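# Secondary and tertiary structure notes
In case you want the letters, here they are:
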Amino acid sequence: MPDRPAYLRIADTLRERIRDGGYPPGARLPTMAQLRAAHGVSEIVIRHAIAVLRGEGLVETRRGGGTVVRARPRVRRVAMDRYRAITRPQAVAAGEASSAAPPPPKTAFTHDQRIGWDEYRLDRVFARTHADADLAGLFELPVGTELLRRRFVFYAREEPQQISVNYLPWDLVGGTPVADPDREPWPGGTLAQLSYLGHPPTRVEEAVRARMPTPEESETLHMAAGVPVVAITRRMLSGPQIMEVCRDIVIPADRVVLDYAIDL
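Residues numbered from 1 in each chain as written. Predicted model: local features only at pLDDT ≥ 70, side-chain atom pairs only at ≥ 80, totals over all residues. Heavy atoms only, no water.

What the protein chain contains, in helices and strands, is 9 helices and 10 strands. Its C-alpha atoms give the protein chain a radius of gyration of 23 Å, clearly above 18 Å, the size a compact globule of 264 residues would have. Viewed in the frame of its principal axes, the protein chain has a C-alpha envelope of about 70 × 50 × 45 Å. Sequence-distant contacts, at least 24 apart, represent 63% of the contacts inside the protein chain between residues at least 6 apart. Side-chain charges of the protein chain comprise 36 positive and 33 negative groups, with the mean position of each set lying 5 Å from the other. (Helix = DSSP H or I, 4+ residues; strand = E, 2+ residues; numbered from the N terminus. Rg over C-alpha atoms; globule rule 2.2 N^0.38 Å. Contact = heavy atoms within 4.5 Å. Lys, Arg positive; Asp, Glu negative; His and termini not counted. Charge placed at Lys NZ, Arg CZ, Asp CG, Glu CD.)

Structure below.
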């Protein structure tokens, strides 16, 4: 079997040093001249090796600062019962005596991020639209059904963490506070909004896939080159009715672990 190209062997060596802590987050890699001398290759070979690591999201090149090992993002574990964790305190609070202090506001996002309400920020853009074939299939409604489209960018401690684009039937939300972007963020999120409208969710369905981000997603979420995203398509149902479709929830794959538990 022929030897691997020199640039891949050099990338392997540097990758191993990064992963074992030899080059910790924030550390500069050796200069081009040092790497050329150490491996006895040309500058173009070293550039190709660095490009491989950059494409894997392990390093970033800074103007005037050389090549630096990327800081590893804090990974959050997201359990599939997170929606129940939001609805349970609200149900308990509803049955408490009026003298009891209300629970602090939160959403599934603030629960996942373990942040307080004052550390949470939400950018939003609302628009009326019509269901294309894909959305109509997800809603089980006719193509062209009028919908409210809501695009959100979620921030934790002023850092953008995820994007979501969700849709609600216009005949459900039109003229209600749920269609008012100035009412966001809404404690309890979409779960609470649907309950407010008289359709408390009884089922949440999610389909998860991985893909590469669009340029706009990468820029919005401050992502490094080569990092994929987790894209989650969600449906919320109240009884047999599909009340909400989210297409998609987008999270950088190096910032999240999705936890699943199945009782047998």
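Moving on from the model shown.
Turning to the packing of helix α1 (residues 6–19) against helix α3 (residues 43–55), a few remarks are in order. Closest axis-to-axis distance for the α1/α3 pair is 8 Å, and the angle between their directions is 50°. By the criterion of interaxial angle, the relationship of α1 to α3 is oblique. You can see that α1 and α3 cross each other, and the crossing is right-handed. Judged by residue contacts, Ala 6, Tyr 7, Leu 8, Ile 10, Ala 11, Leu 14, Arg 15 and Ile 18 of α1 engage Val 45, Ile 46, His 48, Ala 49, Ile 50, Val 52 and Leu 53 from α3. Of the residues in the contact of α1 with α3, the class split is 13 nonpolar, 1 polar and 1 charged. (Axes fitted to C-alpha atoms, helices over the stretch in contact; angles between N-to-C directions. Parallel < 35°, antiparallel > 145°, perpendicular 65-115°, else oblique. Left-handed = near helix turned anticlockwise from the far one by under 90°. Nonpolar A, V, L, I, M, F, W, Y, C, P; charged D, E, K, R; others polar.)

Scanning the entire structure with this criterion turns up 6 aromatic pairs. Centre to centre, the rings of Phe 109 and Phe 154 are 5.1 Å apart; their planes meet at 40°, and the pair counts as tilted. Of the two residues, Phe 109 is situated in helix α5 (residues 108–113) and Phe 154 in strand β5 (residues 146–156); the sequence distance between them amounts to 45 residues. The pair formed by Phe 109 and Phe 154 is uniform in burial state, with each residue classed as buried. Centroid distance Phe 126 to Phe 152: 5.9 Å. Interplanar angle 85°. Geometry classified as edge-to-face. Here the residue Phe 126 occupies a position in strand β4 (residues 120–130), and Phe 152 occupies one in strand β5, the gap between them amounting to 26 residues. A relative accessible area of 16% places Phe 126 in the buried class. Taken together through their ring pairs, the aromatic side chains of Phe 109, Trp 117, Tyr 120, Phe 126, Phe 152 and Phe 154 make up a single cluster. Above the face of the Tyr 23 ring, Arg 17 is positioned so that its terminal group lies 4.6 Å from the ring centre. (Phe/Tyr/Trp six-rings, centres within 6.5 Å; stacked < 30°, edge-to-face > 60°. Buried < 20%, exposed > 50% of the residue type's maximum accessible area, 1.4 Å probe, protein only. Lys NZ or Arg CZ within 6 Å of the ring centre and 35° of its normal.)

Cis peptide bonds are those with omega within 30 degrees of zero, and the linkage from Glu 184 to Pro 185 qualifies with -5°. Structurally, Pro 185 is set in the loop between α7 (170–173) and α8 (189–196). Cis geometry is found at the peptide bond from Arg 247 to Asp 248, where omega equals 10°. Among the structural elements, Asp 248 can be located in strand β9 (residues 241–252). In this model, Glu 140 sits at a positive phi of 60°, which is unusual for a non-glycine residue. Assignment of secondary structure puts Glu 140 in the loop between α6 (133–139) and β5. Positive phi, normally seen in glycine, also occurs at Glu 158, with a value near 70°. For Glu 158, the position within the fold is in the loop between β5 and β6 (159–169).

The next point concerns the sheet that holds strand β8 (residues 229–238). Pairing within the open sheet is antiparallel, and its 6 strands lie in the order β4-β5-β6-β9-β8-β7. Each having just a single partner strand, β4 and β7 (203–211) make up the two edges of the open sheet. Pairs of neighbouring strands in the sheet enclose a mean axial angle of 15°, with direction left out of account. In the sheet, β4 pairs with β5 via 11 bridges, with the strands oriented antiparallel. (Pairing = 2+ DSSP bridges.)

Summarising burial for α8: 6 of the 8 residues are buried, a large majority. Two residues or fewer after α8 comes Gly 198, characterised by a positive phi angle close to 90°.

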